[in-house]
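Descriptive analysis of the structure
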Amino acid sequence: MTFRKYLVLAGVTVFAAAGDSMLSHGMKQNGSISVHHLQGVIAAVLNPWVAVGIVLLLAFFASYMNALSWADLTYVLPATSLGYVLLALVAKFALHEQVSPLRWMGIALISGGVSFVARGPALTAHPHPEAQEDAQETVVSAAAGGAKR
Amino acid sequence: MKSLYTWGGILVVVFFSVVGDVVLARAMKQVGDVHDLWERRGLWTVIGRTLGNPNFFFGVAAMALAFFSLLFALSWGDVSLVAPAAASLTFIGNAFAAKFFLHEKVDRRRWIAAVLVAGGVALLAG
């Protein structure tokens, strides 16, 4: 695990939490949308909170795909579940909402789960056919480079 | 009868979320390590390979179905049951699916993590 990869995992966590809360804030300003009034959707997308929320969720999706390209699904999902904790902390300290003891227990359980998975390896060691092709290519070019030297 | 609908809806959401996550994970493993690929071939190769991978589109389609079935499930049941139940069962479902379909090594450490996070999410959102 390099620093850059930790940064990608942090991106998955933060972009998802920030995107969701902005969408939720914007949609509450906007009022409810019904199937019969689809022009409401356009008004919603034009709301700056919703628009920024969508951009952040796109950033979340890009970093999630990035993480899945080099780590197992069963590593990425628990490792990025800290977003739930982040949301609860934002609710408590920025929005001054009441966080019940049951929720604190939830935060403790998630943090425990994250620390469990983070101490293990990120990727199961079995080569995928396509990745293997690439790896062989790298070995060949590295060998060629070595021969030159 | 109403609770049967609600739990049926929750299971449909979990099914599509798990399918989406697993298929997207497979797609990205086929694309290969994005960091390496970017350094060797550039960003356009990364984008081209990802968008050219059929599994990527299946995964996105499954995620879209999960989203719409969540909307249906929310109209049948309370948000305080549907959202946490769907999120936490998806964690458990993903651990099983990753083991059987992606052949990930889900050891005791990862099972414990999945169960702890699933429990925590249920408590947080409940």
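Residues numbered from 1 in each chain as written. Chains lettered and ligands numbered in written order. Predicted model: local features only at pLDDT ≥ 70, side-chain atom pairs only at ≥ 80, totals over all residues.

Helix and strand counts for chain B stand at six helices and zero strands. For chain B, the α and β elements follow one another from N to C terminus as α-α-α-α-α-α. In terms of its C-alpha atoms, chain B occupies a principal-axis envelope of roughly 55 × 35 × 25 Å. Across the 126 residues that make up chain B, the buried fraction comes to 48%. Here the analysis covers contacts within chain B between residues at least 6 apart in sequence; of these, 78% occur between residues at least 24 apart. (Helix = DSSP H or I, 4+ residues; strand = E, 2+ residues; numbered from the N terminus. Buried ≥ 20, exposed ≤ 12 C-beta atoms within 10 Å, placed from the backbone. Contact = placed C-beta atoms within 7 Å.)

Take the confidence of the model for chain A next. Residues and elements named next belong to chain A. Summarising the model, chain A shows a mean pLDDT of 80, and 79% of its residues fall at 70 or more. Model confidence for chain A, summarised as mean pLDDT per element, is weakest for helix α7 (residues 129-148) at 47 and strongest for helix α3 (residues 48-68) at 93. The low-confidence segment residues 130-149, where pLDDT is below 50, has six contacts with residues more than four positions distant or belonging to other chains. (pLDDT = per-residue confidence, 0-100.)

One recurring pattern in soluble globular proteins is that nonpolar side chains are buried together. Core analysis: the biggest nonpolar cluster contains 75 residues, and Ala67(A), Leu68(A), Ile110(A), Val22(B), Ala86(B) and Val121(B) have the highest contact counts within it. Considering each element in turn, this core owes the most residues, 13 residues, to helix α1 (residues 2-31) of chain B. Apart from the residues lying within four places of it in its own chain, the contact partners of Ile110(A) are Ser81(A), Leu82(A), Tyr84(A), Val85(A), Leu116(B), Val117(B), Gly120(B) and Val121(B). (Core = buried A, V, L, I, M, F, W, Y, C linked by C-beta atoms within 7 Å.)

Looking now at helix α5 (residues 82-93) of chain A. Residue and element names in this part refer to chain A. The end-to-end C-alpha distance of α5 is 16 Å, a good match for the 16 Å that twelve residues give at a rise of 1.5 Å each. Leu-82, Tyr-84, Val-85 and Ala-88 are the residues of α5 that are buried. Each buried residue of α5 lies within a common arc of 150 degrees when the element is viewed along its axis, so the set occupies one face. (Expected span 1.5 Å × (residues − 1). Arc of directions from axis to C-beta.)

Note on placement: Val79(B) falls in helix α5 (residues 79-101). The spacing of Val79(B) and Ala125(B) is 46 residues in sequence and 9.2 Å in space, taken between C-alpha atoms.

Interfaces are often sized by the amount of accessible area the parts lose when they come together. Counting residues at the interface gives 34 residues for chain B, matched by 32 residues for chain A. Secondary structure elements with two or more residues in the side of chain B that touches chain A: α1, α2 (34-41), α5 and α6 (108-125) of chain B. It is α6(B) that provides the largest number of residues to the side of chain B that touches chain A, a total of twelve residues. When the residues that make up the side of chain B that touches chain A are grouped by side-chain class, the tally is 19 nonpolar, eight polar and seven charged. (Nonpolar A, V, L, I, M, F, W, Y, C, P; charged D, E, K, R; others polar.)

This part covers the confidence of the model for chain B. Per-residue confidence for chain B gives a mean pLDDT of 91, with 98% of residues at or over 70. This complex was scored by the predictor with a pTM of 0.82 and an ipTM of 0.88.

So, about the environment of Ile110(A). Residue and element names in this part refer to chain A. With respect to the element layout, Ile-110 can be found in helix α6 (residues 101-118). Judged by the 26 C-beta atoms lying within 10 Å of it, Ile-110 falls in the buried class. For Ile-110 and Val-85, which are 25 residues apart along the polypeptide, the C-alpha to C-alpha distance reads 7.4 Å.

Here we come to the packing of α5(A) against α6(A). Residues and elements named next belong to chain A. Relative to each other, α5 and α6 sit at 145 degrees, their axes nearing to 9 Å. Read as a crossing pair, α5 and α6 show a hand that is left-handed. Residues Leu-82, Tyr-84, Val-85 and Ala-88 of α5 form the contact with α6, whose participating residues are Arg-103, Ile-107, Ile-110, Ser-111 and Val-114. Its residues assigned to classes, the contact of α5 with α6 shows seven nonpolar, one polar and one charged. (Axes fitted to C-alpha atoms, helices over the stretch in contact; angles between N-to-C directions. Left-handed = near helix turned anticlockwise from the far one by under 90°.)

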